[in-house]
Amino acid sequence: MKNNFTVPAVCRHSFYILKCGLFLILSMLGATWLKYDLTISSASEESMRFFEAAPLARLMLEHTLITLIIIIAGALAFDLIVKNKDKI
């Protein structure tokens with residue numbers, strides 16, 4: 001069965017990068033959620049939960065967002081290069 005879904009804005013290589021990057025981002029968010037949940041449940045005191053879990057969650061979410069930015073920028077740069085390959 002042939003897939004007739006096309007994205008007119010980006011080339012097929014960039015679409016593949018974005019599609020695989022979406023899986024990576026969802027996996028990273030799942031791992032962040034599990035690690036955060038384990039940290040919260042293992043801490044005994046309320047103050048310990050706050051001082052351990054909040055910086056950990058912020059760090060992991062920043063890493064996920066930076067990865068998302070790199071994936072989108074890489075796909076758009078690749079698309080720009082492919083569409084302007086005659087001028088290079």
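Presented here is a report on the structure given in the accompanying data block. Note that the structure is a prediction, hence the values are computed from the model and not measured.

Our focus in this paragraph is the overall build of the protein. Counting its regular elements, the protein contains 2 helices and 0 strands. The proportion of buried residues among the 88 residues of the protein is 18%. In the protein, of all internal contacts separated by at least 6 residues, the share reaching a separation of at least 24 is 76%. In the structure as shown, the protein presents an accessible area of about 7,200 Å², 70% of it carried by carbon and sulfur atoms.

This part is about the pattern of salt bridges. Throughout the structure, instances matching the rule amount to 2 salt bridges. The residue Arg58 makes a salt bridge to Glu62 at a minimum N-O spacing of 3.3 Å. Linking Arg58 with Glu62, this pair stays in helix α2 (residues 46-83), spanning 4 residues, or about one helical turn. Using a relative accessible area of 58% as the deciding quantity, one classes Arg58 as exposed. For Glu62, a relative accessible area of 35% corresponds to the partly exposed category. With a shortest N-O distance of 3.4 Å, Asp79 and Lys83 are connected by a salt bridge. One end of the pair is Asp79 and the other is Lys83, both in helix α2 and 4 residues apart, which spans about a single turn. We classify Lys83 as partly exposed; its relative accessible area is 48%.

Definitions and limits used
Residues numbered from 1 in each chain as written. Predicted model: local features only at pLDDT ≥ 70, side-chain atom pairs only at ≥ 80, totals over all residues. Heavy atoms only, no water. Helix = DSSP H or I, 4+ residues; strand = E, 2+ residues; numbered from the N terminus. Buried < 20%, exposed > 50% of the residue type's maximum accessible area, 1.4 Å probe, protein only. Contact = heavy atoms within 4.5 Å. Areas by Shrake-Rupley, 256 points an atom, 1.4 Å probe, with all protein chains shown as cover. Salt bridge = Lys/Arg side-chain N within 4 Å of Asp/Glu carboxyl O.

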